[in-house]
Amino acid sequence: MKILGHVTFFLLLGGIFAQSSRNAKVSGKSAKRGGGGAQAGDTGQSTPSADASQGSSRSAGRSADSRQDSTAGSRTTGQQTDEMRLQFLRSSQVTCNDGSAAGFYLKEFRGSRRWLLFLEGGWCCYSKETCDSRYQNIPRLMSSSGWPQTKRGTGILSSQAEENPHWHNANLVFIPYCSSDVWSGAGPAPTPAPRTRQGKDKVKDRNTNATEYSFMGSLIIREVIKDLIPKGIKQAKVVMLAGTSAGATGVLLNIERVASQLEQLGTEAQVRGLVDSGWFLESKQQRSPNCPATVSCTPEDAIKIGLRMWNGVVPERCQQLYKRGEEWQCFFGHRLYSTLTSPLFIVQWLFDEEQLRVENIYMGGQSLSEEQWQYIQNLGLEIKNSLTDVTAVFAPSCLSHTVITKSNWMSFQVKGTSLPRALHCWDRSLEAIRNNRTPSKGCPFHLVDTCQWPQCNPTCPALVDQATQQELTLLQMLVAMGLDPQRLGLDPEGEGDSLVSMANNGG
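Predicted model only: the values in this text are computed from it and were never measured. (Residues numbered from 1 in each chain as written. Predicted model: local features only at pLDDT ≥ 70, side-chain atom pairs only at ≥ 80, totals over all residues. Heavy atoms only, no water.)

### Observations concerning the overall build of the protein
Alright, step 1. Counting its regular elements, the protein contains 15 helices and 18 strands.
Alright, step 2. Put simply, the protein has 507 residues, and 57% of those count as buried.
Alright, step 3. Taking the contacts inside the protein whose residues are at least 6 apart along the sequence as the reference set, 76% of them involve residues at least 24 apart.
Alright, step 4. Of the accessible surface of the protein, which amounts to about 21400 Å², a share of 47% is contributed by carbon and sulfur atoms. (Helix = DSSP H or I, 4+ residues; strand = E, 2+ residues; numbered from the N terminus. Buried < 20%, exposed > 50% of the residue type's maximum accessible area, 1.4 Å probe, protein only. Contact = heavy atoms within 4.5 Å. Areas by Shrake-Rupley, 256 points an atom, 1.4 Å probe, with all protein chains shown as cover.)

This is how it looks when you write it as structure tokens:
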């Protein structure tokens with residue numbers, strides 16, 4: 001596969017939340033519409049037996065009663081552990097891509113009126129070919145058949161105060177991503193178009209993207225909230241919808257609908273959004289002539305094509321800004337942000353690794369051109385400029401992707417303030433405004449690094465050479481990737497140069 005073809009596959013992995021049985025294989029594809037023939041184009045793939053698929057307690061044919069029975073006994077035992085427990089949706093009509101039951105993981109904190117709903121990331125698929133490949137390689141992002149019964153939260157999903165000082169005592173909800181639509185899908189896949197005959201024996205589909213998968217990301221969020229009503233979400237004081245990568249974009253796309261749904265339920269909760277590493281900029285790449293026949297589409301083209309297949313929806317106020325066919329622009333935070341009314345906190349590395357991979361730049365890989373180095377430098381400035389009007393933001397000058405679900409998320413700082421501290425300051429400010437008080441000073445939550453270089457923040461995650469797995473400073477990595485510091489105007493011996501000084505001190 002050509003290198004550009006790898007871009008989407010790497011993006012598939014972006015923002016994926018680690019779980020105890022990662023990459024568990026589905027036991028069968030009988031839940032998937034159309035049976036075993038759906039994996040057309042795959043070679044050497046045998047059709048799973050019917051017995052194997054029937055053995056899964058999470059198949060699409062489960063009744064609503066059996067779904068509830070499977071979780072009823074776990075409600076009390078779950079209180080004795082720090083783990084979130086899997087619960088499937090009551091509605092059998094809202095499903096994962098393959099028709100298996102969608103669901104969520106829940107860790108209740110009795111008496112708490114604070115709720116954190118987390119949307120998992122993992123890019124998307126936008127054609128039969130990309131969806132079949134995704135199903136074969138990462139089935140848990142399209143089916144619930146391999147999901148574990150429990151999940152231990154980390155970072156902002158941890159129930160341990162030392163790891164999660166301000167949200168450990170909230171009701172924690174992890175919503176697995178199995179819709180492949182950037183959480184935008186609002187219905188089943190379109191009915192395949194009629195087939196037309198060409199000549200005597202040739203038959204051709206009018207719609208080459210016809211697929212039997214369902215895309216219901218937005219509906220899954222709606223049904224999760226419905227199923228949380230008996231758990232007390234109607235009495236919530238604060239509901240924070242959070243997500244990483246594609247899940248973060250899902251927050252931007254769904255925050256207004258969630259607020260409206262809770263308002264219709266009669267709750268007085270303030271709905272907030274936490275967007276981690278989902279603030280992407282448009283790609284500089286030219287559209288591949290083979291798109292969408294291959295996986296070499298740019299993200300913009302993938303979303304344009306996918307929106308039709310997903311029956312995707314975007315926030316109404318943003319949709320009104322663009323003519324029909326241009327709604328894809330609402331997937332980009334810098335275009336969508338001003339149209340949203342719910343409070344949002346944006347967490348964004350200024351040199352996001354997934355943004356770089358879109359441009360075929362892999363830090364720690366084999367080589368890096370001078371043009372790519374120039375793009376990296378410009379990217380930080382472009383992202384920084386796009387965040388100018390964002391009220392609440394945490395943007396370190398680092399090369400990384402996602403942070404809020406990492407166990408060490410407390411260690412990263414901007415201007416001496418950690419991310420949990422900044423979120424707490426934002427929380428206090430919103431509470432003060434809600435109660436007609438003046439927010440206290442000296443508690444910052446608009447934090448953007450002012451240094452210009454990647455890794456100039458001393459708290460940045462370490463860079464790792466992909467071949468040796470050794471930690472390197474930025475300067476060491478640039479040399480290892482074939483760049484001449486002197487040609488770039490960098491003097492390795494000169495302590496006066498800010499980049500070299502930063503690199504020699506460990507980045």
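Now, onward.
### Topic: the sheet that holds strand β1 (residues 83-88)
Alright, step 1. With respect to topology, ten strands assemble into an open sheet ordered β4-β1-β2-β5-β3-β8-β9-β10-β12-β16, the strand pairing being mixed. Whereas interior strands pair on both sides, the edge strands pair on one side only; in this sheet they are β4 (150-152) and β16 (446-448). With direction set aside, neighbouring strand axes in the sheet form an average angle of 20 degrees.
Alright, step 2. Pairing of strand β10 (residues 344-347) with strand β12 (residues 392-395), which is carried by three bridges, proceeds in the parallel orientation. Its bridge partner lying in β12, Ile 346 is registered against Val 393. (Pairing = 2+ DSSP bridges. Axes fitted to C-alpha atoms, helices over the stretch in contact; angles between N-to-C directions.)

### Brief notes about empty space enclosed by the protein
Alright, step 1. Overall, the coordinates contain four cavities of 30 Å³ or more when judged by the stated rule.
Alright, step 2. There is about 210 Å³ of room inside the largest cavity.
Alright, step 3. Lining the largest cavity are 20 residues, and of these Trp 123, Thr 249, Phe 280, Pro 299 and Ile 303 sit closest to its centre.
Alright, step 4. Across the lining of the largest cavity, the residue classes break down as eleven nonpolar, six polar and three charged. (1 Å grid on protein atoms, 1.4 Å probe; cavity = no way out; pocket = protein on both sides within 12 Å on 5 of 7 lines; lining within 4 Å. Points joined across faces, edges and corners; volume = space filled by probe spheres on them. Nonpolar A, V, L, I, M, F, W, Y, C, P; charged D, E, K, R; others polar.)

### So, the packing of aromatic side chains
Alright, step 1. Summed over the entire model, instances satisfying the criterion amount to ten aromatic pairs.
Alright, step 2. Considering the side-chain rings of Phe 118 and Phe 174, the 5.5 Å spacing of their centres and the 20 degrees angle between planes classify their relative orientation as stacked. Residue Phe 118 is located in strand β3 (residues 114-119), and its partner Phe 174 is located in strand β5 (residues 171-175); the two are separated by 56 residues in the primary sequence.
Alright, step 3. In this structure Phe 174 comes out as buried when scored by relative accessible area, which is 1%.
Alright, step 4. Ring centres 5.5 Å apart and planes at 80 degrees place the aromatic pair Trp 349 and Phe 412 in the edge-to-face group. Of this pair, Trp 349 sits in the loop between β10 and β11 (351-352) while Phe 412 sits in the loop between β13 (399-400) and β14 (413-414); the two residues are 63 residues apart in sequence, bridging distant segments of the chain.
Alright, step 5. Of the residues examined, Phe 412 reaches a relative accessible area of 5% and is grouped as buried.
Alright, step 6. One aromatic cluster in this structure is built from Tyr 105, Phe 118 and Phe 174.
Alright, step 7. Here Lys 151 stacks its cationic end above the ring of Tyr 105, 5.1 Å away from the centre of that ring. (Phe/Tyr/Trp six-rings, centres within 6.5 Å; stacked < 30°, edge-to-face > 60°. Lys NZ or Arg CZ within 6 Å of the ring centre and 35° of its normal.)

### So, the pattern of salt bridges
Alright, step 1. Throughout the structure, instances matching the rule amount to 15 salt bridges.
Alright, step 2. Between Asp 132 and Lys 128 there is a salt bridge, and its shortest N-O distance comes to 2.8 Å. Here the residue Asp 132 and the residue Lys 128 both occupy positions in helix α5 (residues 128-137), the gap between them amounting to four residues, near one helical turn.
Alright, step 3. Within this structure, Arg 114, Lys 237, Arg 272, Asp 427 and Glu 431 form a network of salt bridges that share partners. (Salt bridge = Lys/Arg side-chain N within 4 Å of Asp/Glu carboxyl O.)

### With respect to the nonpolar core
Alright, step 1. Ranked by internal contacts, the top residues of the largest apolar core, which has 134 residues, are Ile 156, Phe 345 and Met 363.
Alright, step 2. When neighbours within four sequence positions are excluded, Met 363 is seen to be in contact with Leu 356, Leu 368, Ile 376, Leu 399, Gln 466, Leu 474, Met 477 and Met 481. (Core = buried A, V, L, I, M, F, W, Y, C linked by side-chain atoms within 4.5 Å.)

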